[in-house]
Amino acid sequence: MTTFKDRRPAGGKANTTGADTTGLKGADTKPAKSGPSRRGVLAGLGAAGALTAMPGFVRYSQAQSAEPIKIGFQVHRTGIGAAYGRWYDRTTMAATKLINDAGGINGRPVEIIAEDDGTDPKRGAEVVEKFATQHGCDIAFGTLFSHVVIGSAPRAGELKIPYFVVSEGHHVASGMLNRYTLQPGITDVKSQVIAMAPWVSDNLGKKVTMIFPDFAFGHNHRDFFTEAMAAQGGEVIEQIAIPPTESSFFKYFPKIPSETEVLYHVMVGPGVLTFVKEMGEFYGSNRPEIFGFIDSLEAVDITSPGLEFLDGTYLWEGNPRQAQADQSEHDKFYREAVGVDARGASVDDPKDVSTYAHMFGCWETLNIVKVGMEACGYSGTKDRGALIEAVEAMKDMPESRAHPQGAKVFNGKTHQVFGHQFISQVQGADLVKVHTTPIEAGYYEDEVDYTTQPL
Amino acid sequence: MDFGPYFLLASLEGAVGAAVLAVTALGLSLVFGVMRIVNVAHGEFFMLGAVIAWWVASLIGIHPAVGFLAALVVSPLVVGSVAILAERTVLSRLHYDPEATIVATIGMLYVIQQAVLMTYGPEARPVQPPFDFRIQLPWFGYSAYKLFVILAAVVLLLAVWWGLTRTRLGLMMRATQIDRETARAFAIPVDRVYAGVFAVGAALAALGAVLVVPVQQAHYLMGHDPLLLSFITVIIGGLGSLRGTVLAAVIIGMSDGIISVFFSPTLAKIIATLAVAMVLVARPQGLFGERAP
Amino acid sequence: MSESTAVLSTPPAAPPTARILGLHLGVLAVLFALHFVLPDYHHISLSRIMVLACFAMGYNLAFGYSGLLSLGHAMFFAAGLYAAGLVAQFADIAAPGGFLIGVAAAALVALTLGAIALRTGGVSFMIVTLMFAQAVFLIIYYFGTYTRGDEGFVVPDAMRVLLGLDLADPTVRYMTALALFAACLMGSLALARSNLGRVLIAIRENEDRARMLGYDVYRYKLTALTLSAVMAGAAGAAYGLLFGYVGASFASIQYSIYPLLWVLMGGAGTVLGPFLGTVLMFYLVDLTSAATTAYLLVVGLVLIALILFFPKGILGTVRERYLPWLP
């Protein structure tokens, strides 16, 4: 997928340098054409101020006269991702405030420009275009849902705007995307799943039945976990895929073989409470060991009626929702800054439960962007390529206030970060951490080397 | 699990689905039959019913049963009022033109969804069932509340049937359905009947939602599937045939449960979807419709 | 012509051809000129709008001219999108071939599923198309190994080439979109003014009468639906190749409702209406979402207001009140 871009004229970067007073700058590359060029006409009109008088153009006209670093925040405010989006938003704002309080990036304040993508890939792509060409953002950032990332990434690559996603999808490291898309703030699902297999196999049982949604996210779990479990000498004896439009799950439970030792569930979406509740009704007290991914229960109170059944079961957590006995001072700091209490809910409203296992990714990503921009002396959109290279050069990220979830190792070739994973047990109303995986447990062979692609 | 118990389980699940679907689809069927319009916002009335049920239940909070009963009364009333408001301010001015109504109700769909997102939020929230009792069968356990849902739906359907056939309002509705102009000539306040039908239709959606919300959760995007399913049910049942709607709900609900026994789930959905389409191709007037629409 | 008596919605006087041609060519000329003056963001957006407008124009052929209220046009769009995307991904077939395969796939879907759906009419047609589209949506999930289900996949850059030109280049993309748009617009115009178009309108206005006059109504409808699907599929294939992404969300029911909305907004049964509706809807969402997070509320209210005050869509109302010659 790389050879092609080589043939494009190299005019793009030059276009982005000048402080175009009309705000009509962009990172587009234009082949030289005979006749009036788009750029030429634009410049002429822009000078006359004709366009800036048009409605909708005015507010962007001083795009470069102020000096903040503009970060386009692609946020799921509406659509299926809205519950996540709200917490991604809060975490992002908290991190930005801290960065600004500490003097910003390279002495420049950070400005977050948030646009709702409706958790829709088409709108997502449009939003990235808007960041790059209208808002004059330096980077785009913050997307969670995989289909929005995959729908937006090609546009980010073409517009040459660095696109920092916080999606936990394997799409970045799989090589499907491009050099401008990075995921330095959160471990991908492949790594998470691989890291879980040894513990599940050693502690819960060897015969696993998996229940997962019948779409790509679920298929990732199915494929990676089945493989990892086999490597541990275990076996996935049944894979139950739940169709995407399903809202009731009871009728699928009979498909679980009776010799199942471990039930592995990773449902997502609003139906998850139903899922757990119906699982409880089906099994009663006579259940196999149950291991799940908290993705299902993000933004859901663990004490919700119907979740009693989870008592004693185990959950993967990207970051322990409840403050643990051995809580690090970094987590304490982070928790306070975002406004999350010790149980993982908003300090203002104990019913408003956070998406704690994922949202740290926004915080850490912004801090990485800061380090990257400072390392390359980022001064404007012409340095976007340098920023990518600076981030690619990163490797060890020690646990710190910038990395409250824990230490991480970034793989510059695959643009993917790797970190510790946690396994917690539901004990009454509490989520108690019982195991922390080493970072290496989530390693797998590189599937791509983005650094060989041109910038 | 052996085939017998598995089949029983799937049938029970199918029956619960059918019960809720029958109540919800009946609301759409009434509106469709009497007013000859497609209410795309029907699913949002369903969602609104669930959200209000959550609100009522969490406000009362004495005992889940009290909250549930209160929701059973309050939710349809509020949703019905919203429907009357929408009918008077928008639909009546469109003179119930079918295409215009589709656009207007798509507009309402957005408005209601966004309003709920802004006030209630994006989370899925559970409502406790009025009683939490699990029946242990020899092969699997089953929620007693789900069986109650079936019963409650049957009672509701009977009540609607009684209202339509035994009351004056029901008579006026049926008269309007058969011939709007003649009804008007007989001094039936057709406008008010329309407003009433639209409200009752929405209230039925809300009731269906109150019944289902202790099993599922209230979520601002939950209206999509009930709309689709109700829509299919009404058409399959035959336009304007309430009896057909109920029968179609039973068939669709039950088959959704049972087909999943035999096929991989997503394939089962594909087959069920195509089956619905083919039924309509064979009988465009629906299974129980008397004439082509 | 005997069938012209059945045409109720066009005035009896011969429409002024020069004026009509002038208007539509004028629109195309303006779109061409806009290429040189539009700021980048609006330039990109207009490329996308033109592609989606082809989808809307296709829908308009079925709904606006032939009275076929389909709720399943996403399946045609998706057929084009996926056919073009999958052959690019797995068979290394680049843009021109992929585009044609996409169009062919949409036509094939119309000639099979569409042909079955046309055995019904009215609301049953709505439901049958809805169901078929839902089945197509689920089939995309079912073959997730290849389609990657909901996540979708990125169309390889190397396949996004047309006659040696990089479709990801803004100028090439804009001009390709414009070319496709021009073809669909002039195609719609020609169709609206052709015998076929008049027969379709006659069928829309009074199917029994058209049948009585000796027209094979089913065949005419199938022709209309296939042409409609071809445009929708062309839009889908172009979308995938121009914007580099193929995903199941484009096959969801939402994408069956959008073209209906665009067409109703701009004016069903008008040649330019679908484009106008697509433009307005895009900017409505875009501008309000910049101002408020409650943009869906605004969109909803605008839809309601439009239908209250412009019941025939904008151009439909304009035609009724001011420009009776508008095709």
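Residues numbered from 1 in each chain as written. Chains lettered and ligands numbered in written order. Predicted model: local features only at pLDDT ≥ 70, side-chain atom pairs only at ≥ 80, totals over all residues. Heavy atoms only, no water.

- Per an unreviewed UniProt entry, chain B goes by Branched-chain amino acid ABC transporter permease and derives from Marivibrio halodurans.
- Under the UniProt heading Subcellular location (unreviewed entry), the note attached to chain B is "Cell membrane". (UniProt positions renumbered as here; feature names shortened; annotations may be inferred.)

- Looking up chain A in an unreviewed UniProt entry gives the name ABC transporter substrate-binding protein, with the organism given as Marivibrio halodurans.
- Among the UniProt annotations of chain A, the heading Sequence similarities (unreviewed entry) holds the following wording: "Belongs to the leucine-binding protein family."

## Here's the deal with the overall build of chain B
- Broken down by element type, chain B carries 11 helices and two strands.
- Mapped in sequence order, the helices and strands of chain B form the string α-α-α-α-β-β-α-α-α-α-α-α-α.
- Rg of the C-alpha trace for chain B: 19 Å, near the compact-globule value of 19 Å for 293 residues, within the 12% margin.
- Across its three principal axes, chain B shows a C-alpha extent of roughly 60 × 50 × 35 Å.
- Among the 293 residues that make up chain B, the fraction classed as buried is 60%. (Helix = DSSP H or I, 4+ residues; strand = E, 2+ residues; numbered from the N terminus. Rg over C-alpha atoms; globule rule 2.2 N^0.38 Å. Buried < 20%, exposed > 50% of the residue type's maximum accessible area, 1.4 Å probe, protein only.)

## Examining the pairing of strand β14 (residues 422–427) of chain A
Residue and element names in this part refer to chain A.
- Across the six residues of β14, five count as buried, placing the element largely inside the fold.
- In this sheet, β14 lies alongside strand β10 (residues 314–317) in antiparallel orientation, the contact comprising four bridges. Considered in β14, the bridge of W316 is made with I423.
- Taken together, the six bridges between β14 and strand β15 (residues 430–436) define a ladder with antiparallel strand orientation. By the bridge assignment, F422 is partnered in β15 with T436.
- Where β14 folds back onto β15 in an antiparallel hairpin, the turn is made up of two residues, including G428, whose phi is positive at roughly 65°. (Pairing = 2+ DSSP bridges.)

## Digging into the pattern of salt bridges
All names here are of chain A.
- Evaluation of the coordinates by the stated rule reveals 39 salt bridges over all chains.
- R179 serves as the salt-bridge partner of E392, at 2.6 Å between the closest nitrogen and oxygen. Linking E392 in helix α12 (residues 384–392) with R179 in the loop between β4 (163–164) and β5 (181–187), this pair joins segments that are 213 residues apart in sequence. By the burial criterion, E392 is buried, and R179 matches it.
- The residue D331 makes a salt bridge to R335 at a minimum N-O spacing of 3.1 Å. A residue pair is termed a helical-turn pair when its members lie 3 or 4 positions apart in one helix, as D331 and R335 do in helix α10 (residues 329–338) at four residues. Here D331 and R335 have matching classes, each one buried. (Salt bridge = Lys/Arg side-chain N within 4 Å of Asp/Glu carboxyl O.)

## A word on the sheet that holds strand β13 (residues 416–419) of chain A
Residue and element names in this part refer to chain A.
- An order of β2-β1-β3-β4-β5-β13-β12-β11 is seen for the eight strands of this open sheet, with the pairing classed as mixed. Of all strands in the sheet, those with a lone pairing partner are β2 (110–116) and β11 (396–397), marking the two edges.
- Two strands pair when backbone bridges link them, and strand β12 (residues 408–411) and β13 are joined in this way by four bridges, in the antiparallel orientation. Its bridge partner lying in β13, V409 is registered against F418.

## Examining the packing of aromatic side chains
- Under the definition given, this model contains 53 aromatic pairs over all chains.
- Centre to centre, the rings of W54 of chain B and Y120 of chain B are 5.4 Å apart; their planes meet at 85°, and the pair counts as edge-to-face. Placement of the pair is W54 of chain B in helix α2 (residues 42–60) and Y120 of chain B in the loop between α4 (98–119) and β1 (134–136), with a sequence separation of 66 residues.
- Using a relative accessible area of 17% as the deciding quantity, one classes W54 of chain B as buried.
- One aromatic cluster in this structure is built from F55, F77, Y239, F243, Y245, F250, Y255, Y258 and W262 of chain C.
- A cation sits over an aromatic face here: K190 of chain A above Y444 of chain A, 4.6 Å from the ring centre.
- Lying across the ring of Y120 of chain B, R125 of chain B places its NZ or CZ 4.7 Å from the centre. (Phe/Tyr/Trp six-rings, centres within 6.5 Å; stacked < 30°, edge-to-face > 60°. Lys NZ or Arg CZ within 6 Å of the ring centre and 35° of its normal.)

## Brief notes about the environment of T245 of chain B
Residues and elements named next belong to chain B.
- Tracing the sequence through the fold places T245 in helix α10 (residues 242–262).
- Note on T245: relative accessible area 0%, which makes it buried.
- In this structure, the C-alpha to C-alpha distance between T245 and Q136, residues 109 residues apart in sequence, is 33 Å.
- The residues contacting T245, other than those within four sequence positions of it, are A25, L26, S29, T233, V234 and G237.
- Within the structure, T245 has its side chain in polar contact with the side chain of S29 (distance 2.8 Å). (Contact = heavy atoms within 4.5 Å. Polar contact = N/O pair within 3.5 Å; in protein donor to acceptor, adjacent residues only side chain to side chain.)

## Points about the side chain of T270 of chain C
All names here are of chain C.
- Mapped onto the secondary structure, T270 falls in the loop between α11 (254–266) and α12 (273–291).
- The exposure class of T270 is buried, given its relative accessible area of 0%.
- Once you skip the residues sitting within four places of it in the chain, T270 turns out to touch N60, Y65, L315, G316, R319 and P327.

## Here we look at the environment of F186 of chain B
Residue and element names in this part refer to chain B.
- Inspection of the secondary structure assignment puts F186 in the loop between α7 (180–185) and α8 (190–212).
- Relative accessible area serves as the criterion here: at 64%, F186 is assigned to the exposed category.
- Between the C-alpha atoms of F186 and A175, which are 11 residues apart in sequence, the distance is 9.5 Å.

## What to know about the sheet that holds β15 of chain A
Residues and elements named next belong to chain A.
- Spatial strand order, β7-β6-β8-β9-β10-β14-β15: seven strands in an open sheet with mixed pairing. Both outer strands of the open sheet, β7 (235–242) and β15, are each paired with one neighbouring strand and no more. Each adjacent strand pair in this sheet contributes to an overall mean axis angle of 25°, direction not counted.
- Pairing geometry for strand β6 (residues 207–213) and strand β8 (residues 262–265), over four bridges, is parallel. (Axes fitted to C-alpha atoms, helices over the stretch in contact; angles between N-to-C directions.)

## Description of the UniProt feature "transmembrane region" (unreviewed entry) in chain B
Residue and element names in this part refer to chain B.
- As recorded in UniProt, the feature "transmembrane region" (unreviewed entry) lies at residues 6–33, 45–62, 68–86, 144–164, 193–215, 227–252 and 258–281.
- Note that residues 45–62 is 89% helix and 0% strand, and that its end C-alpha atoms are spaced 27 Å apart.
- A helix fraction of 87% and a strand fraction of 0% characterise residues 193–215, whose end C-alpha atoms lie 34 Å from each other.

## A few points about the nonpolar core
- Formed by 309 residues in total, the largest nonpolar core has its most connected members in F225 and F291 of chain A together with F181 of chain C.
- No other element matches helix α2 (residues 40–65) of chain C, which puts 17 residues into this core.
- Each residue touching F181 of chain C, except ones within four places of it in the same chain, is listed here: L28, L31, M50, A53, C54, M57 and F275 of chain C.
- In this structure, Y334, Y356, I388 and F410 of chain A belong to the second largest nonpolar core, which totals 41 residues. (Core = buried A, V, L, I, M, F, W, Y, C linked by side-chain atoms within 4.5 Å.)

## Let's talk about the interface of chain B and chain A
- Every contact between the two is made by 35 residues of chain B and, on the other side, 36 residues of chain A.
- Buried area between chain B and chain A, summed over both chains or domains, comes out near 2800 Å², and the portion from carbon and sulfur atoms is 55%.
- Scanning the region where chain B abuts chain A turns up two salt bridges.
- Notably, a salt bridge pairs R86 of chain A with E123 of chain B, separated by 2.3 Å at the nearest N-O pair.
- Going through the elements one at a time, α1 (3–35), α4, β2 (141–143), α10 and α11 (265–282) of chain B are the ones with two or more residues in the side of chain B that touches chain A.
- Looking at the side of chain B that touches chain A element by element, the count peaks at four residues for α10 of chain B. (Buried area = accessible area lost by both parts, 1.4 Å probe.)

## Observations concerning helix α11 (residues 356–375) of chain A
- Along its 20 residues, α11 of chain A runs 29 Å from first to last C-alpha, staying within 8% of the 28 Å computed at 1.5 Å per residue.
- Among the residues trailing α11 of chain A, G377 of chain A stands out with phi positive, at a value near 60°. (Expected span 1.5 Å × (residues − 1).)

## Considerations on the side chain of S256 of chain C
Residues and elements named next belong to chain C.
- Turning to its location among the elements, S256 is positioned in helix α11.
- Within the structure, S256 has its side chain in polar contact with the backbone oxygen of L71 (distance 3.2 Å).
- Each residue touching S256, except ones within four places of it in the same chain, is listed here: L71, G72, H73, A74 and A133.

## Side note on a nonpolar patch on the surface
- Taken together, the side chains of F3, F7, F262, F263 and I271 of chain B define a hydrophobic patch exposed on the protein surface, amounting to about 450 Å² of accessible area.
- One can find I271 of chain B in helix α11. (Patch = residues over 30% accessible without salt bridge, like charges linked within 9 Å, V, L, I, M, F, W, Y side chains within 5 Å. Areas by Shrake-Rupley, 256 points an atom, 1.4 Å probe, with all protein chains shown as cover.)

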